[in-house]
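# Structural features, examined
Read off the chains here:
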Amino acid sequence: MAMSSTNASRASSKISSMRRFLVALIVGMLAACSSVPLPPADEPPRNAPGGAAPGADESGPLPPAIVQGKSRWQPVRFRDLPGFDEDALHDAWNAWLKSCERPAPAFVPLCPQIRRLSIASADEQRAWMRERLQPYRVEPLQSSPAGAEGLLTGYYEPLLDASRVPTASQSVPLYRPPASLASRRPWFTRQEIDTLPDARAALRGREIAYVADPLDAMMLQIQGSGRLRLAEADGSVRLVRVSFAGTNDQPYRSIGSWLLQQGAVRDASWPGIKAWAQQNPQRLNELLWSNPRVTFFREEPITDVDASSGPRGAQGVALTPGRSIAVDKDSIPYGTPVWLASPGPLVNLQRLVLAQDTGSAIVGAVRADYFTGGGYEAGEIAGRLKQPLRLWVLWPK
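Residues numbered from 1 in each chain as written. Predicted model: local features only at pLDDT ≥ 70, side-chain atom pairs only at ≥ 80, totals over all residues. Heavy atoms only, no water.

### Here's the deal with the overall build of the protein chain
Rule in force here: Runs of H or I in DSSP of at least four residues are treated as helices and runs of E of at least two as strands, each being numbered from the N terminus. Buried residues are those whose accessible area, probed at 1.4 Å on protein chains only, stays under 20% of the maximum for their type, while exposed residues exceed 50% and partly exposed ones sit between those limits. Between two residues, a contact is recorded if the distance between any of their heavy atoms is within 4.5 Å.
For the protein chain, the helix and strand inventory stands at 11 helices and 15 strands. Of all 397 residues assigned to the protein chain, the portion counted as buried reaches 44%. A separation of at least 24 residues holds for 77% of the contacts in the protein chain among residues at least 6 apart in sequence.

Following this line, the structure appears as structure tokens:
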């Protein structure tokens, strides 16, 4: 039966209304989708890299404590590391890459991932650390009134003017190891080297260079390495490094402590020691001879690649200013990433560092020497740095 014109008009109107509704619905859905930003195509999954999600370390049982040489490692959460989420990790990761040149056995499987993560963001690096590493608070085996609080000091790479041959102003020698060093242990003391003909004869011809100030020479020996702006016999000047090559195997004695015991100073920092020496030149040898240990050096060229790096530490890799520490190797193995916290008036540190060096004065579980870099400003910080310290090792799960 044929539809009337009125009914046809009503049907057409309903169809038009339905079309308008469907169009409005589709437009609204598209607008809603466009309000939710889509991740870039190359953005990693939320759990990447390594499958770690934020806070993944904050649940589940903790592993047992570990006894490591002179220290006890107590397991903690990453949230217990002060400032962990704020550290800019770029320089620390570069130091970690250097440790991977000579990694400790426990870190060998992780080094390929550490290298790949060198171009990742700090948040991605933190996520990987939470997934693959377990933090442990470092404590001494024997309890003490101070608990787990330790001591942070500093060291640096000095830069000294030197001459290849002795001059009127530069006459204090820096020596290579003597040929008889291996057959006579301990070797002559500092005082004997300065006064005994046999000791002086054994070192004749072993001079690398000469510097002006005997205290600067001792400071270089205490630091273990340094750079020389070296004037050659032909008048040319070049930059070289002198690195640790051995000692006379005599005990190390702090000249700052000696001055304090004498009641001679209240400020036993390196600037304070030099000020006392300038005021008391007649007692300079007495001060120097209070430390019988002498360090011998080897000369190394400095290439353009080496210029921005520090000397090689005991791990055998170049030190990174602000990210390398010297530790007691019986408490923390070389190459271990360490979270360091040290509040103080000179510097306030909460950062990732690498255990890459040691020193004769660095003894004990919660003890570290912080590498401040090279030159005068680094020396000013290193010479005055003496602050409370807490350490956490980050060990593979």
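### Section: the state of the cysteines
So the rule is basically this: Two cysteine sulfur atoms form a disulfide, by the criterion used here, when they sit within 2.5 Å.
In the structure shown here, the tally under the stated rule is 1 disulfide. Each sulfur in the disulfide pair Cys100 and Cys111 lies 2.1 Å from the other. On the sign convention where negative is left-handed, the bridge of Cys100 and Cys111, at about -90° about the S-S bond, is left-handed. Here the residue Cys100 occupies a position in the loop between α2 (90-99) and α3 (111-116), and Cys111 occupies one in helix α3, the gap between them amounting to 11 residues. With respect to class, Cys100 is no different from Cys111; both count as buried.

### Re unusual backbone geometry
In this structure, the amide linkage connecting Arg185 to the following residue, Pro186, adopts the cis form with an omega of -10°. Along the chain, Pro186 turns up in the loop between β6 (172-175) and α5 (190-195). The backbone of Asp249 sits at a positive phi, close to 65°, despite the residue not being glycine. Among the secondary structure elements, Asp249 is positioned in the loop between β9 (237-247) and α8 (255-262).

### A closer look at the nonpolar core
Selection criterion: For this analysis, a nonpolar core means a set of buried residues of the types Ala, Val, Leu, Ile, Met, Phe, Trp, Tyr and Cys, connected via side-chain atoms within 4.5 Å.
Trp96, Trp128, Met129 and Leu133 are the most contacted members of the largest nonpolar core, which has 46 residues in total. Of the residues forming this core, the biggest block, 6 residues, is contributed by strand β15 (residues 386-396). Excluding residues within four positions of it along the chain, Leu133 makes contact with Phe78, Trp96, Phe107, Leu110, Trp128, Leu394, Trp395, Pro396 and Lys397. In this structure, Leu174, Ile208, Met219 and Leu220 belong to the second largest nonpolar core, which totals 30 residues.

### Thoughts on the pattern of salt bridges
To keep it simple, the criterion reads: Any Lys or Arg side-chain nitrogen located within 4 Å of an Asp or Glu carboxyl oxygen qualifies as a salt bridge.
Within this structure, the stated rule accounts for 18 salt bridges. Between Arg323 and Asp87 there is a salt bridge whose closest N-O contact spans 3.0 Å. Of the two residues, Arg323 sits in the loop between β10 (295-301) and β11 (324-327) while Asp87 sits in the loop between β2 (71-75) and α2, which places them 236 residues apart along the sequence. Of the residues examined, Arg323 reaches a relative accessible area of 4% and is grouped as buried. Exposure remark for Asp87: the relative accessible area of 7% places this residue in the buried category. Of the charged contacts, one joins Asp123 and Arg126 as a salt bridge, the two residues approaching to 3.4 Å between their closest N and O atoms. In this pair, Asp123 and Arg126 both sit in helix α4 (residues 122-132), 3 residues apart, roughly one turn of the helix. Here Asp123 falls in the exposed class, since its relative accessible area comes to 56%. Linked by salt bridges that have partners in common, Arg164, Glu232, Arg238 and Glu299 make up one network.

### A closer look at the layout of surface pockets
Just so we agree on the cut-off: Both site types are read off a 1 Å grid over the protein atoms alone. A 1.4 Å probe that fits but cannot get out defines a cavity, while an open set with protein on both sides within 12 Å along at least five of seven lines defines a pocket; lining residues have an atom within 4 Å of a point. Grid points are joined across faces, edges and corners, and a volume is the space filled by probe spheres set on the points.
In this structure, the second largest pocket spans a volume of roughly 460 Å³. When residues of the lining of the second largest pocket are traced back to their parent elements, those giving at least two are β6, α5, α6 (197-203), β7 (207-211), α7 (214-223), α10 (284-289) and β10.

### Section: α7
Counted only if it meets this: Pairs of N or O atoms within 3.5 Å make up the polar contacts considered here, provided that, within protein, one atom can donate a hydrogen while the other can accept it, and that residues adjacent in sequence are counted only when both atoms are side-chain atoms.
Burial of α7 is extensive: 8 of the 10 residues sit out of reach of the surface. Regarding α7, its N-cap is Asp213, as a side-chain oxygen of that residue lies 2.8 Å from the backbone nitrogen of Leu215 further along. One or two residues past the end of α7 sits Gly224, with phi positive at roughly 95°.

### Some points on the environment of Met129
Turning to its location among the elements, Met129 is positioned in helix α4. On the basis of relative accessibility, which here comes to 0%, the residue Met129 falls in the buried class. In the structure, Met129 is positioned 15 residues away from Ile114 in sequence and 9.7 Å away in space, judged by C-alpha atoms. Residues in contact with Met129, not counting those within four places in the same chain, are Phe78, Phe84, Leu89, Trp93, Trp96, Leu352 and Leu394.

### Quick look at the packing of aromatic side chains
Defined as follows: Aromatic rings from Phe, Tyr and Trp, with only the six-membered ring used for Trp, were paired whenever their centres fell within 6.5 Å, and each pair was classed as stacked if the ring planes differed by under 30 degrees, edge-to-face if by over 60, and tilted otherwise. The criterion is that NZ of a Lys, or CZ of an Arg, lies within 6 Å of the ring centre and within 35 degrees of the ring normal, and then a charge sits over that ring.
Under the definition given, this model contains 11 aromatic pairs. These aromatic residues form a ring-pair network of at least three members: Trp73, Phe107, Tyr136 and Trp395. We note Arg184 situated over the ring of Phe188; from NZ or CZ to the ring centre the distance is 3.9 Å.

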